[in-house]
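Here is what each chain is made of, one letter per residue.
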Amino acid sequence: MSGHSKWQTTRHRRLAGEMNDPEYARLYEEAEAEQRLGQLVYDRRVALGLSQAELAKLAERAGMTQPQVSRLETGGGNITVASLRRLAAALDADLTIGFLPRQAA
């Protein structure tokens with residue numbers, strides 16, 4: 001087994017153990033949701049043909065700063081529903097928030 005393969009196996013075992021920790025699972029779920037939101041913002045900006053340089057104008061229309069929107073796109077930072085509404089308007093999009101029943105494992 002190569003050094004990299006051994007490292008991957010050890011890492012996967014460690015992560016598997018952490019996944020059984022409820023706190024780790026909660027934090028992982030939160031980070032995953034932030035990443036999905038960031039991807040949605042990024043995808044919409046790109047669909048509108050807005051470059052990273054034009055992000056400052058978008059942020060201004062949303063009542064945010066360029067670094068805030070940039071951080072959001074990369075899955076970082078918390079955002080309020082009111083800010084999400086302004087961002088959706090700046091992205092010429094409708095904001096939809098909902099609860100979906102969990103799928104049985």
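Described in the following lines is the structure provided in the data block. (Residues numbered from 1 in each chain as written. Predicted model: local features only at pLDDT ≥ 70, side-chain atom pairs only at ≥ 80, totals over all residues. Heavy atoms only, no water.)

1. Considering helix α2 (residues 22-47)
Piece 1. Over its 26 residues, α2 extends 37 Å from the first C-alpha to the last, a length consistent with the 38 Å expected when each residue adds 1.5 Å.
Piece 2. Looking at the buried side of α2, the elements it contacts are α3 (55-61), α4 (66-73) and α5 (81-90).
Piece 3. After α2 finishes, the residue G49 shows a positive phi value of roughly 80°. (Helix = DSSP H or I, 4+ residues; strand = E, 2+ residues; numbered from the N terminus. Expected span 1.5 Å × (residues − 1). Contact = heavy atoms within 4.5 Å.)

2. Some points on the environment of L72
Piece 1. Along the chain, L72 falls in helix α4.
Piece 2. Along the sequence, L72 and Q35 sit 37 residues apart, while their C-alpha atoms lie 8.4 Å from each other.
Piece 3. L72 has contacts with E34, L37, G38, V41, G77, I79 and L87, leaving out every residue within four places of it along the chain.

3. Thoughts on unusual backbone geometry
Piece 1. Within the chain, D92 stands out as a residue other than glycine whose phi angle is a positive 50°.
Piece 2. Summarising the element assignment, D92 is placed in the segment after α5.

4. Here's the deal with the pattern of salt bridges
Piece 1. Counting across every chain of the model gives two salt bridges.
Piece 2. Ionic pairing is found between E73 and R45, a salt bridge with its closest N-O pair at 2.6 Å. With E73 in helix α4 and R45 in helix α2, the pair connects residues that are 28 residues apart, well separated along the chain. (Salt bridge = Lys/Arg side-chain N within 4 Å of Asp/Glu carboxyl O.)

Keep in mind these values describe shape, not function.
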